[in-house]
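Breakdown of the fold
Given next are the chains, with one letter for each unit.
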Amino acid sequence: FYFLVWRNIKVLYAQTILGFTWAILQPLIQIIIFTVIFSKVAKISTEGIPYFLFSTVAIIPWTYISQSMTESSQSLVAGQNMLGKVYFPRLIFPLIAVLSNLVSFGISMFIVLGVTIYYRVVPTWNLLLFPVLVLIMMSLAAGVGMWLSAMAIRFRDVKFAMPFAVRMAMYTAPIVYSASNIPDKYRIIYSLNPIVAVIEGYRACLLGTPIPWLFIWPGTITTAILLISGALYFKRMERVFVDVI
């Protein structure tokens, strides 16, 4: 497991000119585009928070989640040459992307640090929630990754559906808008989206706004269900991986 994760980290930006700088450039460009479109053109309300700051603390965790889910979904297909040669727990495959992408996430957090310093955001006790949110974020990516990687062995449609699903997921979460814009009668259903718990949790954690437990608790429960059910489904399908692939 250690060597596979380390290999994934080393080849992540191998033979690139900018190397790990891409971990900063990719989310930064997206933040700038979103700021121009949704702040200057669409003029979306952010409850008084500068939009650049508002979008930064959402796009960084979203980038990790989307990349980890996409890579995990194809992990078994990409590693099919190893499946029939030697036995080791197949559950390792979807977890490799979840751990290796933490490197890019850690690097991109320097964007958050720089932006919060620029806007003079004063740290609060909410920062104690940060490790918990990282754990929820990783669990979400792992749960979805286990489901999709096991499905991708039999249904190669997963590969083609992922880009569309990721784009849809981005707009169902409060990344370009605030969750407070959701009508009250829909908030209970909306809070079941685990991405909402992560994004709103990060905003409260890093910006010192009130912690939205109404979104965090339901999203955490959904994440736990995805993680447990994903592991069970993966183990159930594991015995047919080699035959099907």
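Note that the coordinates shown come from a computational prediction; the quantities given were computed from them, not determined experimentally.

Across the interface, helix H6 (residues 92-118) lies against helix H7 (residues 130-154) with an axial gap of 9 Å and an inter-helix angle of 140°. For H6 against H7, the interelement crossing comes out right-handed. Note on element contacts: H7 touches H6 through Phe130, Val134, Met137, Met138, Ala141, Ala142, Gly145, Met146 and Ser149, opposite Pro94, Leu95, Val98, Leu99, Leu102, Phe105 and Met109.

What follows deals with the environment of Gly106. Of note, Gly106 is situated in helix H6. Along the primary structure Gly106 and Ile60 are separated by 46 residues, whereas in three dimensions their C-alpha atoms are 9.5 Å apart.

So, on to H6. Taking 1.5 Å per residue as the helical rise, H6 with its 27 residues ought to reach 39 Å, and the 40 Å between its terminal C-alpha atoms agrees with that figure. Approximately 25° is the largest bend angle found in H6, and it occurs at Leu102. Taken from the residues just after H6, Arg120 is the one with a positive phi, measuring 55°.

Moving on, we come to a nonpolar patch on the surface. A surface patch of nonpolar side chains, amounting to about 410 Å² of accessible area, comprises Ile29, Ile32, Ile33, Val36 and Ile37. Along the polypeptide, Ile37 turns up in helix H2 (residues 22-41). Residue class for Ile37 comes out partly exposed when judged on its relative accessible area of 40%.

Rules used throughout
- The residue count restarts for each chain, going from 1 along the sequence in the order it is written.
- Confidence filtering applies because this is a predicted model: local features only for residues at pLDDT of at least 70, side-chain atom pairs given and counted only at 80 or more, and all residues used for totals across whole chains, interfaces and linings.
- For the side-chain quantities, the full set of heavy atoms in the structure was used; hydrogens and water were omitted.
- Only the contacting stretch of a helix is used when fitting its axis, a line to C-alpha atoms as for every element, and angles between N-to-C directions run 0 to 180 degrees.
- Under the scheme used here, helices are H or I runs from DSSP no shorter than 4 residues and strands are E runs no shorter than 2 residues, and both carry numbers assigned from the N terminus.
- We call a crossing left-handed when the near helix sits turned anticlockwise from the far one by less than a right angle, and right-handed when that turn is clockwise.
- In what follows, residue pairs with any heavy atoms lying within 4.5 Å of each other are defined as contacts.
- An expected span of 1.5 Å times one less than the residue number is assigned to each helix.
- One fitted axis covers the seven residues ending at a residue, a second covers the seven starting there, and the bend at that residue is the angle between these axes.
- Patch definition: residues with relative accessible area over 30% and no salt bridge; like charges joined within 9 Å; nonpolar side chains (Val, Leu, Ile, Met, Phe, Trp, Tyr) joined within 5 Å.
- Computed by Shrake-Rupley with a 1.4 Å probe, the accessible areas treat only the displayed protein chains as cover when residues are assessed.
- Salt bridge criterion: a side-chain nitrogen from Lys or Arg within 4 Å of a carboxyl oxygen from Asp or Glu.
- Residue exposure (1.4 Å probe, protein chains only): buried if accessible area is under 20% of the type maximum, exposed if over 50%, otherwise partly exposed.

These figures capture arrangement, not role.
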